[in-house]
Amino acid sequence: MVAVIAGAFLGGGLFIAGGPFQPTAELAAETTVTASPTTPPTTTPPTTTTAVPLTTTSTTTPVEPQPGWLTVHAVGDTNFDPDYIVQFRTEGYAYAFGGLDGLFERDDLTIANLECSASDLGEPLAKAFTFRCDPAALPIAADHGIDVMSLANNHGIDFGIEAALDSRANVEAAGMRAVGIGEDLAAATAPALVEINGWTVAVLGMGGVVPAEWWLATDDRPGMASGDDIDQMVRAVEAADAVADLVFVTIHWGWELETAPRADDRARAEAMITAGADAIFGHHPHRLGEIELIDGRPVYWTLGNFVWPRLSDAGATTAVARVTVSPDGDIFGCAIPAFITTSGRPELTGPPYCALPAG
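Let me begin by describing the structure that accompanies this report. (Residues numbered from 1 in each chain as written. Predicted model: local features only at pLDDT ≥ 70, side-chain atom pairs only at ≥ 80, totals over all residues. Heavy atoms only, no water.)

### Brief notes about the side chain of N113
Here N113 shows up in strand β2 (residues 109-114). The class for N113 is buried, based on a relative accessible area of 0%. Here D77 takes part through its side chain, which lies 2.8 Å from a polar atom of the side chain of N113. Only 2.9 Å separates the side chain of N113 from the side chain of N153, close enough to count as a polar contact. Those residues in contact with N113, other than ones at most four positions away along the chain, are V75, G76, D77, T78, S150, A152, N153, H252 and H283. (Helix = DSSP H or I, 4+ residues; strand = E, 2+ residues; numbered from the N terminus. Buried < 20%, exposed > 50% of the residue type's maximum accessible area, 1.4 Å probe, protein only. Polar contact = N/O pair within 3.5 Å; in protein donor to acceptor, adjacent residues only side chain to side chain. Contact = heavy atoms within 4.5 Å.)

Shown next as structure tokens:
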């Protein structure tokens, strides 16, 4: 763990969230230079000189390289289902990133919540809304700077377990890291470990809002990591903290359209931070929420929609979470305001940086 100082900023403020899945009218509407070789000298040493091995002993202790500044971005609900966001059929999937000015390509790490099954396998489950993302969108997302995708949410298994595991494989094949779903509990709760600028960073994906108990991974059953089971969540954070300098959690939780965290999600956040989490990025309510500091760590209760249909001003108001880590390990949390101007296309509405606290 590193020492942490945090500051939260966002012009206009953010809102908040908290619980299980309930379909709403909101969702119903959201359908080189090569060096020349040097010739060795030809001078012959005097015959009176005898060459002997030279042994030197260094008393200098090697200096470990110091870590550098780190910039991490995270976003909420991201969906590449062309039946839900029909603009992708004509505009292509790069359309989703056209309003971000290359932000994710210039940072050190970008984390997203993939709100769909990115697989051609399986059949839709009997639930109100099922989302199938086109796997062809995944390399495009990677090319535009997405590094880690969490699959642990109430749509990650919309087309069954086989499709969910295939979705994980497709995300990895596209050059990103997948978290939150796996062939068993150990795989589902394992972090993505990334070495960046001298830091070892762990990213965990967790999913509350579980449509059915069988969606959850166990020791002998594939599925997703729980975002409700505090003991399991704490164990996952502690294990990640043991092997990483920084631990970031992206978690699906809260109640749709609610803008305040309920007591149970606050308890989960507090437990994860005590266990070693350095920032928590929440999503699911389809509304933008506040940044709150808990023991100096930034908690983004709900980041709202990101790549999503444009249904209402409230649903289109979003943000990019930004966490900056100094070489000394101080952490600063803020957000960059954005707005979904047309379906599937978020655009930044504020400068792509955040002010750091003075001093």
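### Re the state of the cysteines
Counted by the stated rule, this structure contains 2 disulfides. Shown here is the disulfide that connects C116 with C133, its sulfur atoms set 1.6 Å apart. The chirality of the disulfide connecting C116 with C133 is left-handed, given an S-S dihedral of about -90°. Taken together, the residues C116 in the loop between β2 and α4 (137-143) and C133 in the loop between β2 and α4 connect sequence positions 17 residues apart. There is a disulfide in this structure between C334 and C354, and the S-S distance comes to 2.0 Å. In this structure the cystine formed by C334 and C354 twists about its S-S bond by roughly 100°; its chirality is therefore right-handed. Note that C334 is positioned in strand β15 (residues 331-342) and C354 in the segment after β16 (345-348), a separation of 20 residues in sequence. We classify C334 as buried; its relative accessible area is 3%. Sequence-ordered numbering of the bonded cysteines in the chain gives a disulfide pattern of 1-2, 3-4. (Disulfide = S-S within 2.5 Å.)

### So, unusual backbone geometry
Despite not being glycine, L257 shows a phi value in the positive range, around 70°. When you line up the elements, L257 lands in the loop between β9 (246-252) and α8 (263-275). Among the residues examined, L257 registers a relative accessible area of 35% and is labelled partly exposed. Its identity is not glycine, yet H286 carries a phi of approximately 65°, on the positive side. Inspection of the secondary structure puts H286 in the loop between β10 (279-283) and β11 (291-294).

### Points about the nonpolar core
Counting residues in each nonpolar core, the largest one holds 49 residues, and the members touching the most others are F80, L114, M149 and M176. For this core, the secondary structure elements donating two or more residues are α3 (103-106), β2, α4, α5 (161-173), β13 (305-307) and β15. Ignoring anything within four residues of it in the chain, the contact list for L114 reads T78, F80, C133, L138, M149, S150, L151, N153, S167 and V171. Counting residues in hydrophobic clusters, the runner-up holds 27 residues, among them L246, I291, Y300 and A319. (Core = buried A, V, L, I, M, F, W, Y, C linked by side-chain atoms within 4.5 Å.)

The analysis is restricted to geometry; functional conclusions fall outside its scope.
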